[in-house]
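Residues per chain are reported as follows:
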Amino acid sequence: MSSSDIFIGEIIGTAVLILLGGGVVAAVVLKRSKAQNAGWLAITFGWGFAVMTAVYMTGTLSGAHLNPAVTLGIAIKDGDWGNVPVYFAGQLLGAMIGASLVWIAYYGQFHAHLTDPEIIAAPPHEEGLVDQKAAPKAGPVLGIFSTGPEIRNVAQNLATEIIGTVVLVLAVLTMGLNDSGKGLGTLGALIVAFVVVSIGLSLGGPTGYAINPARDLGPRIVHALLPLPNKGGSDWGYAWIPVVGPLIGGAIAAGIYKLAFV
């Protein structure tokens, strides 16, 4: 794979991942959406199918890492760091593009939601939204773009992201890679998709399971930049946790893999 293939593949794949993953959260959360209040189960399966679609779409182009924690884990496993910056750049840019597409697709629903008198007066805690008691600087639709804690406890929030990412990256390294070991394979895409659903159902409650630095940081930047009425803050005080936690988790998973499986 050339660097240009990797960069383009990661942009496309991560954009599709965020478009479909963020899209299901928007569908469940926003007023005037036909899927409003569909619940956490819809969100977790929506994200799982988003992973599967994005990996199948771009696996042959870039290996479909779509996640800096996965890239880091594979780099530690192989000792090959040459294309890591290219992967990271493509993933972050793709995540920002995907988040922007969610805004375009749900433009009217965002406007209806954020101009509703009830939302303006007292933004409620709904499925997919960041709990504003735990994250008082979070706006009422931030949870469509990025994650936040139900209980703000730095050590617990960081540990939750680390644990979830260890499960994800270890699953990728043991079951998900293609024959070259550089990216996800055909069967691996399906396996990893169900692992993501499992993580969401079992470990997503405390923080919303970012388990992917680009998935959280890119859309958070877009939330900060978009001209959304009454959007509130982007909770930058929390933003480092879903970046640092998954990177630590990816490194730990690679260490476990090298100790136990090689």
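Thresholds, definitions, all that
- Residues numbered from 1 in each chain as written.
- Predicted model: local features only at pLDDT ≥ 70, side-chain atom pairs only at ≥ 80, totals over all residues.
- Heavy atoms only, no water.
- 1 Å grid on protein atoms, 1.4 Å probe; cavity = no way out; pocket = protein on both sides within 12 Å on 5 of 7 lines; lining within 4 Å.
- Points joined across faces, edges and corners; volume = space filled by probe spheres on them.
- Helix = DSSP H or I, 4+ residues; strand = E, 2+ residues; numbered from the N terminus.
- Nonpolar A, V, L, I, M, F, W, Y, C, P; charged D, E, K, R; others polar.
- Buried < 20%, exposed > 50% of the residue type's maximum accessible area, 1.4 Å probe, protein only.
- Contact = heavy atoms within 4.5 Å.
- Axes fitted to C-alpha atoms, helices over the stretch in contact; angles between N-to-C directions.
- Parallel < 35°, antiparallel > 145°, perpendicular 65-115°, else oblique.

(A) Seen up close, the layout of surface pockets. Within this model, the second largest pocket holds a volume of roughly 200 Å³. Lining the second largest pocket are 14 residues, with His-65, Asp-80, Asn-83, Tyr-87 and Lys-182 positioned closest to its centre. Of all the secondary-structure elements, those providing two or more residues to the lining of the second largest pocket are α3 (68-78) and α4 (84-105). With four residues, α3 is the single largest residue contributor to the lining of the second largest pocket. Tallied by class, residues from the lining of the second largest pocket come to seven nonpolar, four polar and three charged.

(B) Fine view of empty space enclosed by the protein. For the structure on display, the rule yields one cavity of 30 Å³ or more. Volume-wise, the largest cavity comes out at about 50 Å³. As for the largest cavity, its lining consists of Ile-18, Gly-22, Trp-47, Ala-99, Val-102, Ile-144, Phe-145, Arg-215 and Pro-219. Mapped onto the lining of the largest cavity, the elements with two or more residues apiece are α1 (3-29), α4, α7 (142-145) and α10 (213-225). Tallied by class, the residues present in the lining of the largest cavity amount to seven nonpolar, one polar and one charged.

(C) Just the side chain of Lys-77, in detail. Checked against the element boundaries, Lys-77 lands in helix α3. For Lys-77, a relative accessible area of 19% puts it in the buried group. Not counting residues up to four positions away in its chain, the partners in contact with Lys-77 are Leu-173, Leu-177, Gly-181, Ala-254, Tyr-257 and Lys-258.

(D) Looking closely at the packing of α3 against α4. As a packed pair, α3 and α4 sit with axes 9 Å apart at the nearest point and diverge in direction by 170°. In terms of orientation, α3 and α4 fall into the roughly antiparallel class. Packed against α3, whose contacting residues are Pro-68, Thr-71 and Ala-75, the element α4 presents Val-84, Tyr-87, Phe-88 and Gln-91 at the interface. Counted by class, the contact of α3 with α4 contains five nonpolar, two polar and no charged residues.

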